[in-house]
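Architecture at a glance
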Amino acid sequence: MSSTIRIAELFAGVGGFRLGLDGYHSAEHPEFDMPSAGPFHTIWANQWEPGTDAKQFAARCYKVRFGEDSVVNQDIHAVLDQYEAGDIDIPDVDMVVGGFPCQDYSVARTLSQASGIEGKKGVLWWDIYRFLKLKEPRFGIFENVDRLLKSPASQRGRDFAIILSCLASLGYAVEWRVINSAEYGFPQRRKRVYIYVEKTDDTWNLVRRLSDGVMAEAFPIKAIKAIHDVSIYADPADNSELFGVGCKTSPFLTAGAMQGYEVVTADVEADYDGPFATLGDIVVSEEDVPAEYFVAADKVGDWQYLKGAKREPRKNKRTGYEYMYSEGAMAFPDSLEKPSRTILTGEGGVSPSRFKHVIETKDGRLRRLVPDELDQLQCFPKGWTNTGMTDGQRAFCMGNALVTGIPHRIGRAIAHRLSA
C-alpha cells in the first residue's frame, strides 16, 4: 500500500465520509476549508437515490463540491455488474467507506460457501460485501443506525451476526462502537454504530482491542465493567436461520471486536472532558431566516399538540381495531443550551410535526431550523448543500448524512497507527 490511503465512498450522499477523512480545500470556496484526518484521498465514489433523475440531488451536490467526475451516479448493483463483465473499471483502493440502510439481511443457502452468499435483492449490505470481495481493500469504515445490533425483533442480533460472519469470511477483523456524537462535544445527539474493519495477519487480543483499538483511540472510554463472549456461526446462512432465535435481547452491546469468528462485546461509557457544542452555537442571524420559517400564530397550537404528551383512544383505519395510544412530551421549543435532537429526513417543510426542530428567537417568535443550520449540525460547512436543490431536499440530505467529525476522528486514529 502506498503512503496515500485511497478511498472508495459508497452510498456517498453529499460526501460526509469524504469531507471527514480527506478534508476540503478549494480556492473557489475557502469558506468550506476543513482539515484532513491524514493521508486520505477519495478516488472513487457512488451515489444513487432510487427513482428518477429528479431524485439525484445529492449526487449533483457531490459533483458541485468535488468535481463533475467525482461520483458515479448509477445503481451500485448495476455498476458492479458492469465491472465484473469488464465493461468499466473501478480503481484499486485501500479503504471502503459508507453508510448503508438497516434492512433485512437474511440470506439464502448456496450450493457451497465458495460460490458466494445470496442475500435479498436490493439490500445494500450485499453490495458492500461484493465490493470488498472484488477489490480486497485493507480497511473499511461503515455507519448504520444502532438498531442494526438488535434487529430483527424475532431474532435479536441476527442481522449483525450475518454481517460479522461475512466480514470474517473475507479475512477482516472488526471493531464496532455505538457513538452518540453529543457525548464527544458535537452539537447533535446522534447515536450511530460505526464499524471499523481491517484485513490483517496480526492476531488481535480482542479484549484489549476494546480499550486500546482504533475506536477507543478515536473515542476514549471509561474502564469497562464487564466483557462478554458471543458465539456466531461461520456460515452466514446458519446465522440467518439460527442466531438469536428465542432471544429477547441482543448479545451485541455498544462496543465489540471480532476476528476469525471469535467475538467479544461490552457496554462502554464515553470519557470526554473537552468542549461541548450546543444547538445555539450554530444558529444563524435572524435576518438570514426567510419569513416562511417562522411559525404562524394560528399554527402554534398544532405544534404544541404534536410535541405534547398524549393518551387517547385511536382506531386502525384498515382493521377497525380500537386501542389506547400514548406518548411522552417533547421539549417545545428545543433548547439552545443543549445539543440538538437527531436530524431526520423529514426536517423540511412548513407543516407541524412532532420531530422537526423548533427554536425560540430573541424576540419570542418560534421558527424551524433553516438548511444552513442543518448543515452545521452534521458538521458540514455552512451552506454545503446550497447547490440549487430545494430546502426540503437539503433537509433530506442532512437527515441521511453523518456527523463528519466522527469519521474524521476515526481517520486520525488510523493515520496515527500507520505512522507509528
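Calculation rules
Residues numbered from 1 in each chain as written. Predicted model: local features only at pLDDT ≥ 70, side-chain atom pairs only at ≥ 80, totals over all residues. Heavy atoms only, no water. Phe/Tyr/Trp six-rings, centres within 6.5 Å; stacked < 30°, edge-to-face > 60°. Helix = DSSP H or I, 4+ residues; strand = E, 2+ residues; numbered from the N terminus. Buried < 20%, exposed > 50% of the residue type's maximum accessible area, 1.4 Å probe, protein only. Lys NZ or Arg CZ within 6 Å of the ring centre and 35° of its normal. Salt bridge = Lys/Arg side-chain N within 4 Å of Asp/Glu carboxyl O. Pairing = 2+ DSSP bridges. Axes fitted to C-alpha atoms, helices over the stretch in contact; angles between N-to-C directions. Contact = heavy atoms within 4.5 Å. Parallel < 35°, antiparallel > 145°, perpendicular 65-115°, else oblique. Left-handed = near helix turned anticlockwise from the far one by under 90°.

1. Quick look at the packing of aromatic side chains
Aromatic ring pairs are reported here in terms of the distance separating the ring centres and the angle at which the planes meet. Applying the stated criterion across every chain, the model contains 22 aromatic pairs. With a centroid separation of 4.8 Å and 50° between ring planes, the pair formed by Tyr62 and Phe66 is classed as tilted. Here Phe66 and Tyr62 lie together in helix H2 (residues 57-66), a separation of four residues that amounts to about one turn. For Phe66, a relative accessible area of 17% puts it in the buried group. Aromatic side chains Phe100 and Tyr105 sit 6.3 Å apart centroid to centroid with 80° between the ring planes, which places their arrangement in the edge-to-face category. The burial state of Phe100 is the same as that of Tyr105; both residues are buried. One aromatic cluster is present, built from ring pairs that chain together Tyr24, Phe32, Tyr62, Phe66, Phe380 and Trp384. Between the NZ or CZ atom of Arg18 and the centre of the ring of Phe66, over which it lies, the distance is 4.3 Å. When the ring centre of Trp384 is taken as reference, the NZ or CZ atom of Arg65 above it lies at 5.5 Å.

2. Overview of the pattern of salt bridges
In the structure shown here, the tally under the stated rule is 25 salt bridges. Across the salt bridge formed by Asp94 and Arg6, the nearest N and O atoms sit 3.0 Å from each other. Here the residue Asp94 occupies a position in the loop between helix H3 (76-84) and strand E3 (95-99), and Arg6 occupies one in strand E1 (residues 5-10), the gap between them amounting to 88 residues.

3. Quick look at unusual backbone geometry
Residues Ser151 and Pro152 are joined by a peptide bond in cis, for which omega reads -5°. Considering the arrangement of structural elements, one finds Pro152 in the loop between strand E6 (139-145) and helix H5 (158-169). In this chain, Phe332 is followed by Pro333 through a cis amide linkage whose omega measures -5°. Structurally, Pro333 can be placed in the loop between strand E13 (322-327) and strand E14 (358-360). Here Glu136, not a glycine, exhibits a phi torsion of approximately 50°, which is positive. Among the structural elements, Glu136 can be located in the loop between helix H4 (125-135) and E6. Of the residues examined, Glu136 reaches a relative accessible area of 55% and is grouped as exposed. Not every positive phi belongs to a glycine, and Cys379 is a case in point at roughly 65°.

4. Let's talk about the sheet that holds strand E2 (residues 40-45)
The mixed open sheet is built from nine strands, whose spatial order is E2-E1-E3-E6-E8-E7-E10-E11-E9. Because the sheet does not close on itself, it has two edges, and the strands there are E2 and strand E9 (228-231). Strand-to-strand twist of the sheet, defined as the mean angle between neighbouring strand axes without regard to direction, takes the value 20°. Examined bridge by bridge, strand E10 (residues 255-259) and strand E11 (residues 262-266) share five bridges and lie antiparallel to one another. Pairing of Gln259 across the sheet is with Glu262, part of E11. Contacts from H4 reach E1, E2, E3, E6 and strand E7 (172-180) within the one sheet, and its direction differs from that of E1 by about 155°.

5. Considering the environment of Lys307
Tracing the backbone through its elements, the reader meets Lys307 in helix H9 (residues 300-307). Lys307 sits in the buried class, given a relative accessible area of 1%. The spacing of Lys307 and Ala218 is 89 residues in sequence and 36 Å in space, taken between C-alpha atoms. Once you skip the residues sitting within four places of it in the chain, Lys307 turns out to touch Gly328, Ala329, Met330, Ala331, Phe332, Asp334, Arg341, Ser353, Arg354, Phe355 and Lys356.

6. Considering the packing of H3 against H4
It is at 10 Å that the axes of H3 and H4 come closest, and there the two elements cross at 25°. Overall, the two elements H3 and H4 adopt an arrangement that is roughly parallel. H4 is crossed by H3, and the crossing has left-handed handedness. Across the interface between the two elements, Ile76, His77, Leu80, Asp81, Tyr83 and Glu84 of H3 pack against Asp127, Arg130, Phe131, Leu134 and Lys135 of H4.

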